[in-house]
Amino acid sequence: MTEDPVASDPSHPTPGPVVGVALMSQDFSAATVTALRHRLTAAVTGAGLTGDAGYDFVLAVHELVTNAVRHGGGHGHLDLRRQDDVLICEVTDRGAAAAGSLPVRLPAADVAGGRGLWLAHQLAEGLILARGLHGLTATVTACLSPAETSAGIPATARRHDEPDGPVADGEQ
């Protein structure tokens, strides 16, 4: 068997799991939700996500925490980490895994509740739901620095029907 020269070359390290920098890891229950939100706000702000983007991210995580308390066994665990320029927050509960899919849609106006996952999806830049043997993990993400186009306009400020770069003469 021939050894892979790239894998054994110290200048080409073997990729491993990407963990990032842990910013916060805490168990929570209904009694600690408010204190958790204050601590999360401080950690998110300290990581550099401020203003409306920081507020939206904290609110998205708060919705996931509230769901874990209400529907996931009354308690859970929150992990916040930074990986490069992305904040990643995982909220895990130990509730019974419900059969079927989880609705990430806005319920009818006359329905009380049921908006937590939809809100988290709207307020964060990404939402992933993973069902495991012992409950559910909901992960939300937020970019710390907005992606910019070649024209210098943040991607989030462009309309979806606009091109990614400058328009060439004669194109619209």
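Residues numbered from 1 in each chain as written. Predicted model: local features only at pLDDT ≥ 70, side-chain atom pairs only at ≥ 80, totals over all residues. Heavy atoms only, no water.

J.: So what's going on with helix 2 (residues 33-46)? Residues and values would help.
T.: With 14 residues, helix 2 extends 20 Å from end C-alpha to end C-alpha; this agrees with the ideal 20 Å at 1.5 Å per step. For helix 2, the complete set of buried residues consists of V33, L36, L40, A43 and V44. In an axial view of helix 2, the angular spread of the buried residues amounts to 95°, which keeps them on one side of the axis. Facing away from the buried side of helix 2 by over 90 degrees, the exposed positions are T34, H38 and G46. On its buried side, helix 2 packs onto strand 1 (21-29), helix 3 (51-71), strand 2 (75-83) and strand 3 (86-93). Positioned one or two residues after helix 2, G48 has a phi angle of 105°, which is positive. (Helix = DSSP H or I, 4+ residues; strand = E, 2+ residues; numbered from the N terminus. Expected span 1.5 Å × (residues − 1). Buried < 20%, exposed > 50% of the residue type's maximum accessible area, 1.4 Å probe, protein only. Arc of directions from axis to C-beta. Contact = heavy atoms within 4.5 Å.)

J.: Any details on the confidence of the model for the protein? Residues and values, ideally.
T.: Per-residue confidence for the protein gives a mean pLDDT of 76; residues scoring 70 or more make up 62%. Within the protein, no element has a lower average pLDDT than helix 1 (residues 5-8), which sits at 44, and none a higher one than helix 2, at 98. Every residue in residues 1-16 scores below 50 in pLDDT, and together they form four contacts with partners more than four places removed in sequence or on other chains. Contacts of residues 147-172 to residues separated by more than four positions or lying in other chains number 15 contacts, the stretch itself having pLDDT below 50. (pLDDT = per-residue confidence, 0-100.)

J.: Talk me through the sheet that holds strand 5 (residues 135-143); I want residue IDs and the actual numbers.
T.: Pairing within the open sheet is antiparallel, and its five strands lie in the order 1-2-3-5-4. The strands lining the two open edges of the sheet, one partner per strand, are strand 1 and strand 4 (126-132). Strand after strand, the sheet turns through a mean of 15° between neighbouring axes, direction not considered. Note: strand 3 against strand 5, seven bridges, orientation antiparallel. Residue V91 lies in a different strand from strand 5, and its bridge partner there is A138. Docked against the sheet, helix 2 engages strand 1, strand 2 and strand 3, running at close to 170° with respect to strand 1. (Pairing = 2+ DSSP bridges. Axes fitted to C-alpha atoms, helices over the stretch in contact; angles between N-to-C directions.)

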